[in-house]
Amino acid sequence: MTFSKNPYWIKSGTYSFLQNITRLLFGFGSFYLLVRSLTVEEFGIWSLFLIVANFIEVARNGLIQNGLIVALQQGNPNEKAEIQSASFLINIFFTIFSIILLLLFHNYLSAVWEAPALAMVLLIFTSTVALALPLSHFLYIQQANFSFKGIFYSNLVRNGIFFFLILYHFIADQTRLSLNFLIIYQSISVLVAGMVAYGFAKKFFSGSFHVSRTRVTGMLQYGKFVFANNLISIFLRSVDQILLGYLMSPAAVANYNTSLRITNLTEIPTQSIASVVFPQSAKKSKEGNPEPIKRLYEKSVGTILAMILPLVIVVLIFPETIVTIIAGNKYQHTASILQVMIFYSFFIPYSRQFGTILDSIGMPEKNLIFTVFGAVLNTVLVYFCIIKYGILGSVVGTLISLIIRFGLQYWFLYKTLNVNILNTIRYAFHFYKFSFQTIKKKFSN
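Note that this is a predicted model, so its numbers are computed, not measured. (Residues numbered from 1 in each chain as written. Predicted model: local features only at pLDDT ≥ 70, side-chain atom pairs only at ≥ 80, totals over all residues. Heavy atoms only, no water.)

So, about the overall build of the protein. Broken down by element type, the protein carries 16 helices and zero strands. By the burial criterion, 52% of the 445 residues in the protein qualify as buried. Relative to all contacts within the protein whose residues are 6 or more apart in sequence, the contacts with residues 24 or more apart total 84%. Taken as a whole, the protein presents about 19,800 Å² of accessible surface, with 67% of it coming from carbon and sulfur. (Helix = DSSP H or I, 4+ residues; strand = E, 2+ residues; numbered from the N terminus. Buried < 20%, exposed > 50% of the residue type's maximum accessible area, 1.4 Å probe, protein only. Contact = heavy atoms within 4.5 Å. Areas by Shrake-Rupley, 256 points an atom, 1.4 Å probe, with all protein chains shown as cover.)

Here it is, written out as structure tokens:
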């Protein structure tokens, strides 16, 4: 078992990894400033807002992105115009629908979470949702054409502008940073990123707008499973914070979220590799041979595990130091939460790549079944654990849910693709061996 030196993997993987690294750096920088600029209550409200924002972004991706990639990869090149047109039209309707939902339910969400400031934040956020329409379309087209360079620079601009606007306000403005200003800064960053994305995506445009009802229906038929799956997936990932906000307070969400932000550092390899794996898996599934897809899953998970293990070890040894450095003294008491939460990292790569593989080989309905079960299981466990143990109960409930889902997903992949969990561990060791040999060779020359 050796690691591929295919130029696609090297180039695409590099851009994807750089994208996630820069997003991490700017995201961490923004978090570092916000956690010191906002009160605990305000940061909790900001965390709850991000759940709503992620729901919309992830739902958009599920409904449109994967369907566009599969259609362009497996369809006739002559149908390029109608595929792109159908994707854009679906995006328009989704954007309008999302804005209507925000207008209807912003006060309700504010009341449920007892966060009055959230109502105005969600109203202003409708402008960001509208501006994300062209940006998302340009990014989807680039990914469908295996062009990751433009995606990297667009996201670099988006995350960079947002961070530097916060930094400018933090340093130069005498007034305290407000939640409303944050949404305005977010809209500005999305607008500029859309302009950058257009510059990279225009060479892939079909040159005409041709809407086919059959094509739109077909893409919606495919996308509806991924859409539903993504919605449930983001609910699954957010139910702990949603229930903490409902059962406790926005302040409890803030305390939980600081540990979650640190744990999310381990998801960089997962996100980077998933964006590269999906197009390749979709292409290989067309060949009808499950063996390459099996290796793709095992190798991607093994690589992720190898990359996150050092970070997990550091967090387990120095939790209080890490929390203090990243979030400040007022969140130091959350170190015990972080120590338990970091164990998420060993199970999330298996689960995330499970969904990526199933969607790419045309089994989104199966993925949806597993996701629905996971969401119900996680909700029940987290709910009762919060009632009994408070914030730490949310972490324990989520971890138990991850372990159970891991077992069921592995059983399915073993039956379907003959996936072997031991191979993921072998690939992890091979990653270390490959990296060591590469570094040794470089220094010996």
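There's plenty left to go through after this.
Another point: the layout of surface pockets. In this structure, the second largest pocket occupies an estimated 410 Å³ of space. Contributing to the lining of the second largest pocket are 19 residues, with Val52, Phe55, Ile56, Leu101 and Leu102 lying nearest its centre. Elements that contribute at least two residues to the lining of the second largest pocket include exactly helix H2 (40-74), helix H3 (80-112) and helix H7 (213-247). Sort the elements by how many residues they give to the lining of the second largest pocket and H3 lands first, with nine residues. Looking at the lining of the second largest pocket, its residues break down into 17 nonpolar, two polar and no charged. (1 Å grid on protein atoms, 1.4 Å probe; cavity = no way out; pocket = protein on both sides within 12 Å on 5 of 7 lines; lining within 4 Å. Points joined across faces, edges and corners; volume = space filled by probe spheres on them. Nonpolar A, V, L, I, M, F, W, Y, C, P; charged D, E, K, R; others polar.)

A few words now on the packing of helix H8 (residues 250-263) against helix H15 (residues 391-417). Across the interface, H8 lies against H15 with an axial gap of 10 Å and an inter-helix angle of 50 degrees. Between H8 and H15, the interaxial angle falls into the category oblique. Regarding H8 and H15, the two cross each other, and that crossing is right-handed. On H15, the residues touching Ala252, Asn255 and Tyr256 of H8 are Ile391, Ser394, Val395 and Thr398. Considered class by class, the residues forming the contact of H8 with H15 number four nonpolar, three polar and no charged. (Axes fitted to C-alpha atoms, helices over the stretch in contact; angles between N-to-C directions. Parallel < 35°, antiparallel > 145°, perpendicular 65-115°, else oblique. Left-handed = near helix turned anticlockwise from the far one by under 90°.)

Once that is clear, we can look at the side chain of Ser300. Relative to the helices and strands, Ser300 is located in helix H10 (residues 290-317). Residue classification places Ser300 among the buried positions, given a relative accessible area of 5%.

By the definition in use, this model includes two cavities of 30 Å³ or more. Taken as a whole, the second largest cavity holds about 30 Å³ of empty space. Secondary-structure elements contributing two or more residues to the lining of the second largest cavity are helix H13 (348-360) and H15. With four residues, the single largest contributor to the lining of the second largest cavity is H15.

Turning to the side chain of Ser37, a few remarks are in order. As for its placement among the helices and strands, Ser37 is situated in helix H1 (residues 7-37). A relative accessible area of 13% places Ser37 in the buried class. Beyond its immediate chain neighbours, meaning those up to four positions away, Ser37 contacts Phe170, Arg176 and Leu177.

This part covers the packing of aromatic side chains. With the rule as written, the count across this model stands at 21 aromatic pairs. A centroid spacing of 5.0 Å and a plane angle of 85 degrees characterise the contact between Phe49 and Phe125, whose relative ring orientation is edge-to-face. Linking Phe49 in helix H2 with Phe125 in helix H4 (residues 117-144), this pair joins segments that are 76 residues apart in sequence. Here Phe49 falls in the buried class, since its relative accessible area comes to 0%. (Phe/Tyr/Trp six-rings, centres within 6.5 Å; stacked < 30°, edge-to-face > 60°.)

In this section: a nonpolar patch on the surface. Where nonpolar side chains cluster on the molecular surface, the patch consists of Tyr246, Leu247, Met248, Val372, Val376, Val380, Tyr383, Phe384 and Ile387 and spans about 820 Å² of accessible area. The set of elements that each furnish at least two residues to the nonpolar patch consists of H7 and helix H14 (364-389). The element that contributes the greatest number of residues to the nonpolar patch is H14, accounting for six residues. Of note, Leu247 is situated in helix H7. When its relative accessible area of 31% is taken as the criterion, Leu247 is described as partly exposed. (Patch = residues over 30% accessible without salt bridge, like charges linked within 9 Å, V, L, I, M, F, W, Y side chains within 5 Å. Salt bridge = Lys/Arg side-chain N within 4 Å of Asp/Glu carboxyl O.)

Attention shifts here to the confidence of the model for the protein. Across the protein, the average pLDDT comes to 83, with 89% of residues at or above 70. Helix H9 (residues 268-285) is the least confidently modelled element of the protein, averaging 55 in pLDDT, while helix H6 (residues 179-201) averages 93, the highest of any element. (pLDDT = per-residue confidence, 0-100.)

Interhelical geometry of helix H5 (residues 149-172) versus H6 gives an angle of 155 degrees and a closest axis separation of 8 Å. When the interaxial angle is binned, H5 and H6 end up roughly antiparallel. Crossing of H5 over H6 shows right-handed handedness. On H6, the residues that touch Lys149, Gly150, Tyr153, Ser154, Val157, Arg158, Ile161, Phe162, Leu165, Ile166 and His169 of H5 are Phe181, Leu182, Tyr185, Gln186, Ile188, Ser189, Val190, Val192, Ala193, Val196, Ala197 and Phe200. The residue makeup of the contact of H5 with H6, split by class, is 16 nonpolar, five polar and two charged.

Before going further, it helps to spend a moment on the nonpolar core. Ranked by size, the top nonpolar core spans 97 residues in total, and within it Trp46, Phe49 and Leu182 carry the most contacts. Among the elements that take part in this core, H2 stands out by supplying 16 residues, more than any other. Contacts of Leu182, omitting those with residues within four sequence positions, involve Leu34, Leu38, Trp46, Phe162, Ile166 and Leu177. Counting residues in each nonpolar core, the second largest holds 12 residues, with Leu135, Leu139, Phe152 and Ala201 among its members. (Core = buried A, V, L, I, M, F, W, Y, C linked by side-chain atoms within 4.5 Å.)

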